[in-house]
Amino acid sequence: MRELATEPSNTVKPLQEAKVKKSLLLKGVRPYGEGEPQDVLIRDGVIAEGTDENAEVIEGNGAVLLPGFVDLHTHLREPGREDTETIETGSKAAALGGYTAVFAMANTDPVADNAVIVEHVARRGQEVGLVDVHPVGAVTVGLKGEKLAELGTMAKSKANVRVFSDDGHCVHDPLIMRRALEYSKSLNAVIAQHAEEPRLTVGAQAHEGENASRLGLQGWPAAAEESIVARDCILAKQVDAKLHVCHVSTTGTADVLKWAKARGTKVSAEVTPHHLILTDDRLSTYDPVNKVNPPLRTQADVDALRQALADGTIDCVATDHAPHAVQDKDCEWSAARPGMLGLQTALGIVVETMVKTGLLDWRGVARVMSEKPAEIAGLTDQGRPIAVGEPANLVLVDPDASWTVTGAELASIAGNTPFEGMELPAAVTATILRGRVTAVAGRIAE
């Protein structure tokens with residue numbers, strides 16, 4: 001392939017200044033991993049017919065072509081914790097992971113509970129220009145769960161917020177939650193709930209079970225998640241509003257979701273890559289890199305989550321990418337902050353747990369990593385079919401590649417990956433945002 005120029009790792013050109021070639025030819029690629037390799041032409045940011053001898057060429061060599069990934073759950077930490085991540089470094093990690101759109105959670109400092117903050121996040125995402133950065137607005141002021149934030153103002157702002165969440169905190173008051181659902185309905189928005197009944201998790205440090213008891217860690221009951229999901233599904237059904245359940249982690253939650261969907265509730269749900277592969281058996285070393293909220297559960301839960309993702313009970317994969325500074329992870333377990341990196345390892349984990357096991361094919365990967373999250377968030381230009389006339393938001397994947405995870409080599413400022421030293425299958429060879437290559441061969445492209 002003809003090599004594409006790259007910039008130094010510490011610089012990025014704003015989107016409006018980036019030089020975009022008129023045509024790009026993806027040569028010998030397999031849309032959705034199906035059929036014989038074919039050429040796909042991109043012209044003026046959309047998939048086009050025919051060919052162009054003057055086009056920039058990327059040699060696919062039979063690689064799988066998918067719609068660009070969409071992450072509904074990313075912590076970019078800006079403003080406030082730029083020592084752990086910035087919109088620029090997080091955008092780099094996203095592009096290298098195959099993402100063309102990410103949703104930046106509201107638990108920044110200051111909290112994204114007003115138009116000023118969400119517009120700042122959206123503007124910085126546009127300036128960086130590697131992925132579409134969509135700010136998530138807080139449901140309540142300061143994430144305190146006491147008073148609704150300015151949902152309407154954020155929705156009508158230049159950031160056009162359509163997803164609201166107090167992620168990291170549960171909207172535990174049922175009256176506040178019902179009002180949020182009612183208000184969001186009028187905005188055609190979705191409320192994304194961090195399902196955790198706080199009265200059941202006071203002092204909790206690990207999944208309530210045999211391992212927590214043996215290790216002397218305060219247990220975190222599955223019912224803390226399941227009870228909130230059941231309550232909120234009932235509320236969403238009553239007001240006919242859209243509810244999204246963040247980071248599902250238990251078998252019981254999957255059962256509640258199946259029940260709610262059968263009743264016609266407008267509920268969607270996500271599962272993280274780490275909850276598809278890791279269990280609380282890893283806690284025996286007390287390494288805080290394995291501390292996450294909700295906690296790692298049992299193998300039975302992992303198996304149930306995989307099946308629920310395969311059959312559509314759980315709609316999509318979301319990374320819950322959560323960078324943390326060294327001092328917040330390199331400490332005793334009880335003092336450590338919960339969270340893990342996820343943007344660059346998500347695809348490999350999904351392939352390892354879902355594709356190699358036969359639970360999903362490549363069309364299934366497109367569904368759970370692109371199409372469904374775009375649909376949930378109301379994005380009309382992401383997660384689109386690979387067809388003539390559609391926006392060229394795409395990712396090229398080498399299904400036969402493998403790579404070893406090294407935290408220090410990931411694009412994020414932080415390095416808190418639980419997959420350190422793990423060999424993962426499949427590799428992103430190119431990410432394309434509206435016809436412009438944003439990442440190629442493991443590097444950020446100019």
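Residues numbered from 1 in each chain as written. Predicted model: local features only at pLDDT ≥ 70, side-chain atom pairs only at ≥ 80, totals over all residues. Heavy atoms only, no water.

The name given to the protein in an unreviewed UniProt entry is Dihydroorotase, and the organism recorded there is Lentzea albida. Its UniProt record gives the protein the following Function (unreviewed entry) comment, quoted word for word: "Catalyzes the reversible cyclization of carbamoyl aspartate to dihydroorotate." (UniProt positions renumbered as here; feature names shortened; annotations may be inferred.)

**Some details on the pattern of salt bridges**
Using the criterion set out here, one finds 20 salt bridges in the structure. Across the pair Arg 363 and Glu 34 runs a salt bridge, and its minimum N-O distance is 2.8 Å. Of this pair, Arg 363 sits in helix H11 (residues 362-377) while Glu 34 is found in the loop between strand E1 (23-31) and strand E2 (38-43), placing the two residues 329 residues apart along the sequence. Of the residues examined, Glu 34 reaches a relative accessible area of 36% and is grouped as partly exposed. In this structure, the salt-bridge partner of Asp 315 is Lys 372, at a minimum N-O distance of 3.9 Å. Here Asp 315, found in the loop between helix H8 (299-311) and strand E15 (316-317), pairs with Lys 372, found in helix H11; they are 57 residues apart in sequence, far enough to count as distant. With relative accessibility at 8%, the residue Asp 315 sits in the buried group. Several salt bridges converge on common partners, so that one network encompasses Lys 261, Asp 315, Lys 372 and Glu 375. (Salt bridge = Lys/Arg side-chain N within 4 Å of Asp/Glu carboxyl O. Helix = DSSP H or I, 4+ residues; strand = E, 2+ residues; numbered from the N terminus. Buried < 20%, exposed > 50% of the residue type's maximum accessible area, 1.4 Å probe, protein only.)

**So, the packing of aromatic side chains**
Throughout the structure, instances matching the rule amount to one aromatic pair. Note on Phe 69 and Tyr 99: the rings are 5.6 Å apart at their centroids and 70 degrees apart in plane angle, and the pair reads as edge-to-face. Of this pair, Phe 69 sits in strand E6 (residues 69-74) while Tyr 99 sits in strand E7 (residues 99-104), and the two are 30 residues apart along the sequence. Like Tyr 99, Phe 69 is buried. (Phe/Tyr/Trp six-rings, centres within 6.5 Å; stacked < 30°, edge-to-face > 60°.)

**Description of the sheet that holds strand E8 (residues 132-135)**
Pairing in this open sheet of three strands is parallel, and the strands run E6-E7-E8 from one edge to the other. Each edge of the sheet is formed by a strand with only one pairing partner; in this case those strands are E6 and E8. Across the sheet, the axes of successive neighbouring strands diverge by a mean angle of 20 degrees, strand direction being ignored. Sheet topology places E6 next to E7; four bridges connect them, and they run parallel. Counted as the bridge partner of Thr 74 is Ala 104 from E7. (Pairing = 2+ DSSP bridges. Axes fitted to C-alpha atoms, helices over the stretch in contact; angles between N-to-C directions.)

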